[in-house]
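Coordinate analysis (summary)
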Amino acid sequence: MMSMVMINSIIESLLKGHGYSTLKECSKDTSGEKDFFLVEDESLDVFNFDDIIEKEISCGCDVPCSVDSLLYKDGILHIIEFKNTIVSGRSKKRDIKLKIYETILFFVKEFSLTTNDMNNIKFILVCLNEEIPTHRGVSRADLSVRIPKWLKFIHEYTGIEPMVHSPKMFLEYLNLRN
């Protein structure tokens, strides 16, 4: 299990000059004519990891890809990516993989995470209902247990458990909605 010292070190470091955000703000999509929020909940404090990366990386190089938010809950560090588009095609899948890898590299470099630490990290992809992969014989309620083949590499190569949720299932997973 990731030690409390390690978690406190990560949280303390990220809070320096950054503070908390909300799931609603982190799920904001500004690519359309009108801003769209994939998740409306504002009750849970999370880190807007995109903002943290942009402010922390000042090497004069391209800013690494990063997931949208981080949440520490029940001894697990959740790295969360929100998608308001269909996740299909090599390019979109590659973009998500790159965000995961570069986020992990940031943590390994900044906090010297080990393979054991990664067993206490989960990656959650939150996307609209119609974009969650379907599988014969699996109900929508059980879809989070069916991980698309293109995401299975995460657990195999990093030890990080991937999950896919609709916004509603995501809030239920976090126990924010009954």
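First, a word on scope: everything that follows refers to the structure included in this document. (Residues numbered from 1 in each chain as written. Predicted model: local features only at pLDDT ≥ 70, side-chain atom pairs only at ≥ 80, totals over all residues. Heavy atoms only, no water.)

Regarding the packing of aromatic side chains
Counted according to the given criterion, the structure contains six aromatic pairs. Consider the rings of F106 and F107, whose centres lie 5.7 Å apart with planes at 80°: the pair is edge-to-face. What links up through ring pairs into an aromatic cluster is the set F49, F106 and F107. The positively charged end of K24 is found above the aromatic ring belonging to F37, 4.8 Å away from the centroid. Positioned over the ring face of F153 is K97, at 5.2 Å from the centre of the ring. (Phe/Tyr/Trp six-rings, centres within 6.5 Å; stacked < 30°, edge-to-face > 60°. Lys NZ or Arg CZ within 6 Å of the ring centre and 35° of its normal.)

Examining the side chain of D29
For D29, the location among the structural elements is in strand β2 (residues 28-29). In this structure D29 is buried but unpaired, with K83 as the nearest side chain of opposite charge at 8.0 Å. There is a polar contact of 3.1 Å between the side chain of D29 and the side chain of N84. The residues contacting D29, other than those within four sequence positions of it, are K34, D35, F36 and N84. (Helix = DSSP H or I, 4+ residues; strand = E, 2+ residues; numbered from the N terminus. Buried < 20%, exposed > 50% of the residue type's maximum accessible area, 1.4 Å probe, protein only. Lys, Arg positive; Asp, Glu negative; His and termini not counted. Salt bridge = Lys/Arg side-chain N within 4 Å of Asp/Glu carboxyl O. Polar contact = N/O pair within 3.5 Å; in protein donor to acceptor, adjacent residues only side chain to side chain. Contact = heavy atoms within 4.5 Å.)

Here's the deal with helix α4 (residues 90-111)
Here α4 spans 31 Å end to end across 22 residues, near enough to the 32 Å set by a 1.5 Å rise per residue. When α4 is considered as a whole, its buried residues turn out to be I96, K99, I100, T103, I104, F106, F107 and F111. The buried residues of α4 occupy an angular sector of 155° when the element is viewed end-on, so they sit on one face. Every exposed residue of α4 that faces more than 90 degrees away from the buried side is listed here: R90, R94, L105 and K109. Positive backbone phi, approximately 50°, marks S112, located one or two places after α4. (Expected span 1.5 Å × (residues − 1). Arc of directions from axis to C-beta.)

Purely spatial values, then, with no claim about function.
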